[in-house]
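# A closer look at the structure
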Amino acid sequence: DQQVKQNSPSLSVQEGRISILNCDYTNSMFDYFLWYKKYPAEGPTFLISISSIKDKNEDGRFTVFLNKSAKHLSLHIVPSQPGDSAVYFCAASAVRGAQKLVFGQGTRLTINP
Amino acid sequence: NAGVTQTPKFRILKIGQSMTLQCTQDMNHNYMYWYRQDPGMGLKLIYYSVGAGITDKGEVPNGYNVSRSTTEDFPLRLELAAPSQTSVYFCASSTTWDRGRDTGELFFGEGSRLTVL
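Worth saying up front: this structure is predicted, and the values here are computed from it rather than measured.

Moving on, we come to the overall build of chain A. If you tally the helices and strands in chain A, you get zero helices and eleven strands. Starting at the N terminus and ending at the C terminus, chain A contains elements arranged as β-β-β-β-β-β-β-β-β-β-β. Its C-alpha atoms put chain A at 40 × 30 × 25 Å along the principal axes. Relative to its 113 residues, chain A shows a buried fraction of 48%. By sequence separation, contacts in chain A at least 24 residues apart represent 55% of the contacts at least 6 residues apart. As presented, chain A carries roughly 5300 Å² of accessible surface, and 49% of it is formed by carbon and sulfur atoms. Where the 12 positive side-chain charges of chain A centre and where its 9 negative ones centre are 3 Å apart.

Every contact between the two is made by 23 residues of chain A and, on the other side, 22 residues of chain B. Both faces combined, the contact of chain A with chain B buries some 1900 Å², and carbon together with sulfur accounts for 57% of it. The tally of links between chain A and chain B comes to zero salt bridges. Applying the counting rule to chain A against chain B returns two residue pairs in polar contact (both at pLDDT 80 or more). Looking at the side of chain A that touches chain B, the elements that each hand over two or more residues are strand S4 (32–38), strand S5 (45–51) and strand S9 (86–93) of chain A. Looking at the side of chain A that touches chain B element by element, the count peaks at four residues for S4(A). When grouped by side-chain class, the residues that make up the side of chain A that touches chain B number eleven nonpolar, seven polar and five charged.

On to the pairing of S5(A), then. All names here are of chain A. S5 sits mainly inside the fold: six of its seven residues count as buried. Where S4 and S5 come together, six bridges link them in antiparallel fashion. Across the sheet, residue Leu-34 finds its bridge partner in S5, namely Ser-49. In this antiparallel pair of consecutive strands, S4 and S5, the connection spans six residues, and Ala-41 shows a positive phi of 65°.

Let us look at the sheet that holds strand S7 (residues 64–66) of chain B. Residue and element names in this part refer to chain B. Reading across from one edge, S1-S3-S8-S7 is the order of the four strands in this open sheet, with antiparallel pairing throughout. A strand with exactly one partner marks an edge of an open sheet, and here the two such strands are strand S1 (4–7) and S7. Recorded for the sheet is a direction-independent mean angle of 20° between the axes of neighbouring strands. Across three bridges, the pairing between strand S3 (residues 19–25) and strand S8 (residues 76–78) is antiparallel. Along S8, the bridge assignment pairs Thr-20 with Arg-77.

What follows covers the pairing of strand S9 (residues 87–94) of chain B. All names here are of chain B. Of all eight residues making up S9, eight are buried, and the element is well covered by its neighbours. Here two bridges tie S9 to strand S10 (residues 107–108), and the two strands are oriented antiparallel to one another. Bridge pairing in S10 links Ser-93 to Phe-107.

Thresholds applied
- Residues numbered from 1 in each chain as written.
- Chains lettered and ligands numbered in written order.
- Predicted model: local features only at pLDDT ≥ 70, side-chain atom pairs only at ≥ 80, totals over all residues.
- Heavy atoms only, no water.
- Helix = DSSP H or I, 4+ residues; strand = E, 2+ residues; numbered from the N terminus.
- Buried < 20%, exposed > 50% of the residue type's maximum accessible area, 1.4 Å probe, protein only.
- Contact = heavy atoms within 4.5 Å.
- Areas by Shrake-Rupley, 256 points an atom, 1.4 Å probe, with all protein chains shown as cover.
- Lys, Arg positive; Asp, Glu negative; His and termini not counted.
- Charge placed at Lys NZ, Arg CZ, Asp CG, Glu CD.
- Buried area = accessible area lost by both parts, 1.4 Å probe.
- Salt bridge = Lys/Arg side-chain N within 4 Å of Asp/Glu carboxyl O.
- Polar contact = N/O pair within 3.5 Å; in protein donor to acceptor, adjacent residues only side chain to side chain.
- Nonpolar A, V, L, I, M, F, W, Y, C, P; charged D, E, K, R; others polar.
- Pairing = 2+ DSSP bridges.
- Axes fitted to C-alpha atoms, helices over the stretch in contact; angles between N-to-C directions.

Given below as structure tokens:
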């Protein structure tokens, strides 16, 4: 049973436009959410996170929105740059102490010049 | 600034062989984790540790063992390799964190690609 779902395996966006990556979750106990970026042959690197007490968190070009009632979050990247081309993973956590993250399947973002 | 270091980066095993994936971190983090990533899938938690001498199972622990004798090291052992264990393995670490203040991020190593034939 997939508790965190990223339903779009891939997304293609023109350079300079907005990229919107979506993520849905089913476990209402999740209260912390993170986005990771992954390049080929590298480990995932942290992008941005949000607590369930907030509905928006912004860091430079990256903004994460959380809709708890819909169990949905999204990552907005604006403006999109060629270096943003990577696989993006949504992850969620429900346990105090150790961060036992549950990951989505990932969305491959391609930024076209 | 080494962060999380994994060895080896690549390994091919025959069915039934054993091996240990090494992981070490130099950030003095309490928590360490092992994840596996299969093609087209997200990362799944195998085992984790909240400190030296304490380990616990994650979502997919079968076929693996771990130990945590020091804060820095968290090796993952495969006792009888099977084709289903062909995957990319990621070790990660994190610190004790305040949800109201910290990002809660895990720091990942570069991964170890294991093929079992």
